[in-house]
Each structure stands twice: as C-alpha cells, then as structure tokens.
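So the chains spell out like this:
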Amino acid sequence: MGTQESDERRTAGGGTGRRALLGAAVLGAGGAVLGLPGAARAADARHGGGPGGGLKSLPVPTVIGHRGASGYRPEHTFGSYELALDLGADIVEAGDLVPTRDGHLVCRHEPEIGGTTDVADHPEFADRRRTKVLDGVSTTGWFTEDFTLAELKTLRTTERIPANRPHNTLYDGRWEIPTFEEVLRWQNEQTRKRGRQVWIYPELKHPTYFRKLGLGTEERLAKLLRAYGKDRKNSPVIIQSFEPTSIQRMSKLVRNPLAVLLSGAGSRPWDFVETGDPRTTADLVTPRGLKEIASYAQGIGPTLDLVVPKDSAGRLTEPTTLVRDAHRAGLVLHPYTMRNENPFLPAEFRKGGDPDAYGDAFGAFRTYFATGIDGIFTDNPDTGVLAREDFVNG
C-alpha cells in the first residue's frame, strides 16, 4: 500500500508497552493455534465463500498481510511475508513493485530506498543520492531506477518506522530486497509446503512516473505473470494500483482480479493529474464512479476513512454508503490499513499516549468489520484473524 497513507508519517520516540503481547502473539503464530480454520469455515458459511476458485474461495472478511507481517518484521522481506502466513493471513501483499535500472521489478514500499535499506552506509553509492519530483512531491534519497538489480542485491533491508516499532530494528540487515520473480517462486514453494493455496496482492507503484522514464511496469508485470501461469481469472494474484488507468491497462494484458486503490476523498490519482482529468477520489466513490471502475476491475481498496470518516478529534463518525454502493456495483472492498499501535488507531481506541504501545485494536477491527467490508489490510495478521473469529462467531 502506497505513499497516500499519511498516518505512516506520524512517528514518535520510545516506548515498549506491548512487548509482552507481541511475544505471545508471535510465539503462538500457527494458523491453527489462532483459530484460522474454524474462523474461515464460519466466514465461508456466513458469506458464501468456499471452494469455487478465485476470489470466491477466500474467507470473508479476508485478512490481508500488509507488506507481510510488517508489525513484527521489516516490510517487504521474505521474513515478513512468511510470518504473515504463519500468523494466518489469507493473502500476503507481497510486492509494492518498482523497477530497477535494468528493468527488473523489486519489492519496496517506494522507489526511494533510503528509509528502508542500508544504502546510506554504502560509500560506493553516495553519488547516487539525488532529489527528484515523484508524483509532484520533491523527494531526496536513493531511487531503485538508478541501480541495477545486482547493485540492489548488495543492500540489506531496515525497519521503516523505528520510532513506532523499535523491536523490528532487531532484524535490520537480515534480509535483502526481493524481486517479484522471487516472490512468484516463493508463492509456489509456500503453497506446496503448507498444503494450501497462497495468495499474493502486488501493487504497481507510481506507474505513470515510471512509464515516463521508459520503465513501464504493467507490461513487465504481465510478462512475469504469463511466464509463471498466473495471469488468469482464478489465479491467486490480485493486482492493485492507485492509478485507475494503470488498472485499465492491466485489464487488457491479463485476466487477474484487479483492484483500484483510493486515497482521501479530496485527492486526485496522479494519472488524472497528468492527463488533466479533473475528477477526485470523491467522484470515483459515487455510484457512477464505482460503476465505471466495475467495468474493468473487481474490487477497490479504499482508505478506511472513506468507509468510516473521523472527526476533527480523530474519532470515528457514521459510516458512509461506500460499502453498500460498491457492493451494488459488484465490487469487493479491501480497505487499508489496520495497525495495532496507538498513533494509527481511531482516537477512541487508543490506550495512553505511548506511540509504541497497542491500543484496543480488537475494538477497531470489530467496528470496521461491522460495516460489511470484504476484507482488510493489516500489519498485524494475527490480531486480524482473532478479531475475525470473534466477529464471525458473534
């Protein structure tokens, strides 16, 4: 999930308030221990999911590991991806996809990698640091498109928000940057190992920006999916992007399930800015806008604030009609992002002021599930699975 998540920038120092809870969650990480099979069966019975293949085979509400289990491991690493499966995630968001200079797709939150790798510690790459305009925002750092894959493989990943997740810094330097082709092979291996189909949910990041650089990402993604036989209607790969025209392009290249990501109501997708399309996200979430999206995609990934807005104090207000309107258009909704730490929760679910402590995440999950959403992105899949079990079983 992308740059549009402004809540990720709200970091602060110190605090170890939920270490005991974290330890218990990770030590009890097996899906069976967390009650996933029973919850999934109950969800199937309640919502009609089951062995029909494709999206219909997923339990509802679906628990999606946001960049893996990034509440416990540095995001977009195989350590984070595998832990998400261990914790019971139905889908792993394995891949915010950005290209290298030599055309490989790699998995990073953003093309700028100064905040998620140790590149600053590599003197041989000091001259690669530069300032660029990324979707209208001046950004300084190191960018994947200025490195070959071989060069990126000399780097190691680090925790992106250490002020909120100091425990994750324990794993700084342990994993390298994965390529998406490695993810596809990993998906096959994990499916065989676990005896169940592993799903992934890659996102195309800044496709207009990269197309202008001659590094179009849609065609590269489609080529890889075709090579691995994962470009079909029931393939366990859902493709998402904040740019509707990118998803429209993908709809002509592959038959995978597709989802349009939606940021704040007043925002404009960057492809709209580039082409002079005056519409905002508010236009896209009207019945007319949703009907148009449904002509080329199967789902939407709205920010949670589009489902239940917050007031000026950060407390939840009344749900919007988005869930009802999207379902009427035939779209599934997978909003983002639930996190357990206080700064990322609605104000009424926070406990104290420690930015490293957990609030009442179960209460927040329950509130969002009650709106009728079909799934949710979360940095803490184990919490999401337990919350779903509580919700489905009443």
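Everything quoted here is computed from the prediction, not taken from an experiment. For every chain, the first residue of the written sequence is number 1, and numbering continues from 1 along that sequence. Predicted model: local features are reported for residues with pLDDT of at least 70 only, side-chain atom pairs are reported and counted for 80 or more only, and whole-chain, interface and lining totals are derived from all residues. Values reported for side chains reflect all heavy atoms of the structure, with hydrogen atoms and water molecules removed beforehand.

Caption draft 1: Quick look at the overall build of the protein. A run of DSSP states H or I qualifies as a helix once it reaches four residues; a run of E qualifies as a strand once it reaches two. Both are numbered from the N-terminal end. For the protein, the helix and strand inventory stands at 15 helices and 13 strands. Per-residue accessibility, obtained with a 1.4 Å probe over protein chains only, is compared with the maximum for each type, and a residue is labelled buried under 20%, exposed over 50%, and partly exposed between these values. Every one of the 394 residues in the protein was classed for burial, and the buried ones make up 59%. With an accessible surface of roughly 15200 Å², the protein has 51% of that area assigned to carbon and sulfur atoms. Throughout, the Shrake-Rupley method with a 1.4 Å probe supplies accessible areas, and for residues the shown protein chains are the sole cover considered.

Caption draft 2: Summary view of the nonpolar core. To define a nonpolar core, start from buried Ala, Val, Leu, Ile, Met, Phe, Trp, Tyr and Cys residues and group those joined through side-chain atoms within 4.5 Å. In terms of nonpolar packing, the biggest core is built from 64 residues, with Phe180, Leu221, Ile239, Ile300, Met338 and Tyr368 touching the most fellow members. The biggest single contributor to this core is helix α14 (residues 361-369), with five residues. Should any heavy atoms of two residues lie within 4.5 Å, those residues are counted as being in contact. Beyond its immediate sequence surroundings of up to four residues, Ile300 is in contact with Ala259, Val260, Leu262, Leu290, Ile293, Leu322, Ala326, Leu331, Val332, Leu333 and His334. Counting 16 residues, the second largest nonpolar core, distinct from the first, contains Val119, Phe147, Leu149 and Leu152.

Caption draft 3: Structural detail: the packing of aromatic side chains. Two rings from Phe, Tyr or Trp (for Trp, the six-membered ring) form a pair when their centres sit within 6.5 Å of each other. Planes less than 30 degrees apart are called stacked, planes more than 60 degrees apart edge-to-face, and all others tilted. One pass over the structure, following the stated rule, counts 10 aromatic pairs. An angle of 40° between the planes, with centres 5.9 Å apart, marks the rings of Phe78 and Trp186 as tilted. Taken as a pair, Phe78 in helix α3 (residues 78-86) and Trp186 in helix α5 (residues 180-194) lie far apart in primary sequence, 108 residues in all. The class for Phe78 is partly exposed, based on a relative accessible area of 22%.

Caption draft 4: Spatial organisation of the packing of α5 against helix α7 (residues 217-227). Packing of α5 against α7 brings their axes to within 11 Å, and their N-to-C directions diverge by 30°. It follows that α5 is roughly parallel to α7 by the angle criterion. Viewed along their axes, α5 and α7 form a crossing whose handedness is right-handed. Taken together, the residues of α7 that come into contact with α5 (itself represented by Phe180, Glu181 and Leu184) are Leu221, Leu224 and Leu225. Axis definition: a line fit to C-alpha positions, over the contact stretch in the case of helices; interaxial angles, taken between N-to-C directions, run 0 to 180 degrees. Oblique is the label for any angle not covered by the other classes, which are roughly parallel (under 35 degrees), roughly antiparallel (over 145) and roughly perpendicular (65 to 115). Less than a right angle of anticlockwise turn of the near helix away from the far helix marks a crossing as left-handed, whereas a clockwise turn marks it as right-handed.

Caption draft 5: Structural detail: the packing of α7 against helix α8 (residues 244-253). Following both chains from N to C, one finds α7 and α8 inclined at 35°, their axes separated by 10 Å at the closest point. The crossing of α7 and α8 is right-handed. Between α7, through Glu218, Glu219, Leu221, Ala222 and Arg226, and α8, the contact on the second element is made entirely by Ser246, Arg249, Met250 and Leu253. Under the convention adopted here, Pro, Cys and the residues Ala, Val, Leu, Ile, Met, Phe, Trp and Tyr are nonpolar, Asp, Glu, Lys and Arg are charged, and Gly plus all remaining residues are polar. Partitioning the contact of α7 with α8 into residue classes produces four nonpolar, one polar and four charged.

Caption draft 6: Just the sheet that holds strand β4 (residues 105-107), in detail. Paired strands, in this sense, are two strands between which DSSP finds at least two bridges. Pairing is mixed in the open sheet, where seven strands are placed in the order β4-β3-β8-β9-β10-β11-β12. With one partner strand each, in any of the chains shown, β4 and β12 (332-333) form the two edges of the open sheet. Set on the sheet, α7 makes contact with β3 (96-99), β4, β8 (203-204) and β9 (239-241); between it and β4 the angle comes to about 90°.

Caption draft 7: Region of the structure containing the side chain of Ser235. Mapped onto the elements of the fold, Ser235 is located in the loop between α7 and β9. Since its relative accessible area comes to 5%, Ser235 is described here as buried. One polar contact links the side chain of Ser235 to the main-chain amide nitrogen of Arg232, over a distance of 2.9 Å. Beyond its immediate sequence surroundings of up to four residues, Ser235 is in contact with Trp199, Gly229, Lys230, Asn256 and Pro257. Throughout this description, a polar contact denotes any pair of N or O atoms lying within 3.5 Å of each other; where both atoms belong to protein, one of them has to be capable of donating a hydrogen while the other can accept it, and for residues adjacent in sequence the pair is counted only when both atoms sit in side chains.

Caption draft 8: The pattern of salt bridges, seen in detail. Think of a salt bridge as a Lys or Arg side-chain nitrogen and an Asp or Glu carboxyl oxygen that are within 4 Å of each other. Tallying each qualifying case throughout the model produces 27 salt bridges. Salt-bridge contacts for Arg388 lead to Asp90; the nearest nitrogen and oxygen are separated by 2.7 Å. You can see Arg388 sitting in helix α15 (residues 381-392) and its partner Asp90 sitting in the loop between α3 and β2 (91-92), a full 298 residues away along the chain. A relative accessible area of 0% places Arg388 in the buried class. Asp90 sits in the buried class, given a relative accessible area of 7%.

Caption draft 9: Fine view of the pairing of strand β6 (residues 137-141). Of the strand pairs in this sheet, strand β5 (residues 130-134) and β6 are connected by five bridges, and their pairing is antiparallel. Pairing of Val133 across the sheet is with Ser138, part of β6. Taken together, β5 and the strand that follows it, β6, pair antiparallel across an intervening segment of two residues, in which Asp135 is found at a positive phi of about 50°.

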